[in-house]
Amino acid sequence: MPSQSKDIATPSRTRELLEKYGFSFKKSLGQNFLVDPNILHSIVSAADLSKEKAAVEVGPGIGALTERLCRAAGRVLAIEIDQRLLPILEDSLSPYDNVQVVHGDVLKLDLHRLLAEYLPDCSRISVVANLPYYVTSPILMKLLEERLPLEHIVVMIQKEVADRIAAQPGSKDYGSLSVAVQFYAEAEVTMTVPANVFIPKPNVDSAVLKLSLRERPAVEVADEKLFFRVVRASFAQRRKTLYNNLLHNLFGKENREQVTALLMAVDLDPMRRGETLSLAEFARLTNEIDRLRTTRQSGS
Ligand code: SAM
């Protein structure tokens with residue numbers, strides 16, 4: 001095992017590697033590299049890895065976190081969009097034989113195929129990453145919606161987004177992103193992180209978010225697409241009541257009586273706001289809309 005003194009995640013080793021390859025940061029790719037060993041240790045610990053498990057990293061950069069993953073997990077798959085980083089990674093990760101770097105955009109790649117190809121015998125896989133902040137939500141939603149066989153997703157992201165994802169009903173941060181993520185996973189903010197652990201420093205505060213994937217979605221809904229439509233409609237204008245949001249963003253303003261009857265049937269106060277509804281209440285609402293729709297379609 002390589003000695004700790006060769007760690008990539010120190011300011012001096014990072015600068016040395018960047019200078020050796022004449023690398024310049026691309027802000028448009030969210031490139032803020034971690035240079036603090038303690039923070040890396042906390043991220044990897046939160047992922048609960050062992051040599052029987054595999055890790056997938058989105059955006060390895062120059063390999064600071066990748067190196068830690070190689071030490072903690074049996075196998076590591078790292079996906080990097082910036083071709084200029086590939087020779088650097090080949091150099092920095094050369095002491096490790098349990099890592100595969102794939103060049104590509106994580107949003108465009110077929111992740112089921114990649115896992116089958118590179119981690120064929122791994123049943124316990126977690127995603128661990130310091131995500132590019134400009135695409136945090138699309139990446140997280142892709143990982144969740146594609147139902148990848150994942151145990152945990154542990155990611156460094158913008159603090160504000162982490163707080164929104166882990167928020168509970170009734171809080172100011174609770175919104176459609178909280179519901180969308182919590183449908184698939186339990187969410188927890190494990191730590192907040194100061195800007196000075198990155199090169200270059202980002203302009204926002206950061207936090208580590210841990211998602212533990214559920215075996216089954218948090219609530220049972222007859223139609224998932226409809227569930228997310230109902231949630232989006234309910235949050236469309238935060239200062240409007242549930243009744244008004246459903247009327248204007250889902251049913252159409254000519255259907256006042258229908259919306260009143262619906263909310264009465266599911267025992268939800270029409271004056272409540274979307275941000276106070278639990279996942280179970282959104283599910284109840286969805287299932288009643290689905291029931292009415294099915295009844296109408298069958299003409300009974
Ligand atoms: N893991 C490294 C670290 O912690 O020091 C770098 C993290 S940096 C915040 C984000 C990394 O994601 C960069 O290396 C960037 O090039 C890469 N990246 C950005 N967009 C990507 C995408 N769509 N697919 C894959 N990698 C991406």
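Reference entry: report on the structure contained in this document. Please read these numbers as outputs of a predicted model, since none were measured by experiment. (Residues numbered from 1 in each chain as written. Predicted model: local features only at pLDDT ≥ 70, side-chain atom pairs only at ≥ 80, totals over all residues. Heavy atoms only, no water.)

## Thoughts on unusual backbone geometry
In this model, Ile199 is joined to Pro200 through a cis peptide bond whose omega is -15°. Relative to the elements of secondary structure, Pro200 occurs in the loop between strand S8 (198-199) and strand S9 (206-213). A positive phi angle, near 55°, is found at Asp48, a position not held by glycine. Among the structural elements, Asp48 can be located in the loop between helix H2 (37-46) and strand S2 (54-58). The exposure class of Asp48 is partly exposed, given its relative accessible area of 44%. Despite not being glycine, Arg147 shows a phi value in the positive range, around 50°. Considering the arrangement of structural elements, one finds Arg147 in the loop between helix H6 (136-145) and strand S6 (150-158). Residue Arg147 is classed as partly exposed on the basis of its relative accessible area of 43%. (Helix = DSSP H or I, 4+ residues; strand = E, 2+ residues; numbered from the N terminus. Buried < 20%, exposed > 50% of the residue type's maximum accessible area, 1.4 Å probe, protein only.)

## What about the packing of aromatic side chains?
Scanning the entire structure with this criterion turns up ten aromatic pairs. Ring centres of Phe183 and Tyr184 lie 5.1 Å apart, and the angle between their planes is 85°; on these two criteria the pair is classed as edge-to-face. Each of the two residues, Phe183 as well as Tyr184, counts as buried. (Phe/Tyr/Trp six-rings, centres within 6.5 Å; stacked < 30°, edge-to-face > 60°.)

## Looking at the environment of Asp290
Mapped onto the fold, Asp290 is located in helix H12 (residues 279-297). When its relative accessible area of 15% is taken as the criterion, Asp290 is described as buried. In this view, Asp290 contacts Ala222, Asp223 and Leu226; residues no more than four positions away in its chain are not counted. (Contact = heavy atoms within 4.5 Å.)

## Topic: the site of the ligand
What surrounds the ligand is a group of 22 residues, the closest being Leu34, Gly59, Glu80, Asp105 and Asn130. Between Leu34 and the ligand, the recorded distance is 2.8 Å, taken from a backbone N or O atom to an oxygen atom. Ile81 is positioned such that a nitrogen or oxygen atom in its backbone is 3.4 Å from a nitrogen atom of the ligand. Within the complex, the protein chains bury 99% of what would otherwise be the 600 Å² of accessible surface of the ligand. Every element with two or more residues in the shell around the ligand is listed here: strand S1 (33-34) and strand S3 (75-80). Class assignment of the residues belonging to the shell around the ligand gives a composition of eleven nonpolar, seven polar and four charged. (Near = heavy atom within 4 Å. Polar contact = N/O pair within 3.5 Å; in protein donor to acceptor, adjacent residues only side chain to side chain. Areas by Shrake-Rupley, 256 points an atom, 1.4 Å probe, with all protein chains shown as cover. Nonpolar A, V, L, I, M, F, W, Y, C, P; charged D, E, K, R; others polar.)

## Brief notes about the packing of helix H10 (residues 242-251) against helix H11 (residues 256-265)
Close contact between H10 and H11 brings their axes to 10 Å; oriented N to C, the two are set at 130°. Accordingly, the angle class assigned to the pair H10 and H11 is oblique. Here the hand of the crossing between H10 and H11 comes out right-handed. For the pair H10 and H11, contact is made by Leu242, Tyr243, Leu246, Leu247 and Phe251 and by Arg256, Gln258, Val259, Thr260, Leu262 and Leu263, respectively. (Axes fitted to C-alpha atoms, helices over the stretch in contact; angles between N-to-C directions. Parallel < 35°, antiparallel > 145°, perpendicular 65-115°, else oblique. Left-handed = near helix turned anticlockwise from the far one by under 90°.)

## Considerations on the environment of Phe227
Looking at the secondary structure, you find Phe227 in helix H9 (residues 224-234). The class of Phe227 is buried, set by a relative accessible area of 0%. It is 8.2 Å that separates the C-alpha atoms of Phe227 and Asn287, two residues lying 60 residues apart in sequence. The contacts of Phe227, once residues within four sequence positions are left out, are Val179, Phe183, Val219, Val221, Leu279, Phe282, Ala283 and Thr286.

## Focus on the packing of H2 against helix H3 (residues 64-72)
Interhelical geometry of H2 versus H3 gives an angle of 50° and a closest axis separation of 10 Å. The angle between the axes of H2 and H3 places the two elements in the oblique class. Every pair of crossing elements has a handedness; the one defined by H2 and H3 is right-handed. Taking contact as the criterion, the partners of Pro37, Leu40, His41, Ile43 and Val44 in H2 are, on H3, Ala64, Leu65, Arg68, Leu69 and Ala72.

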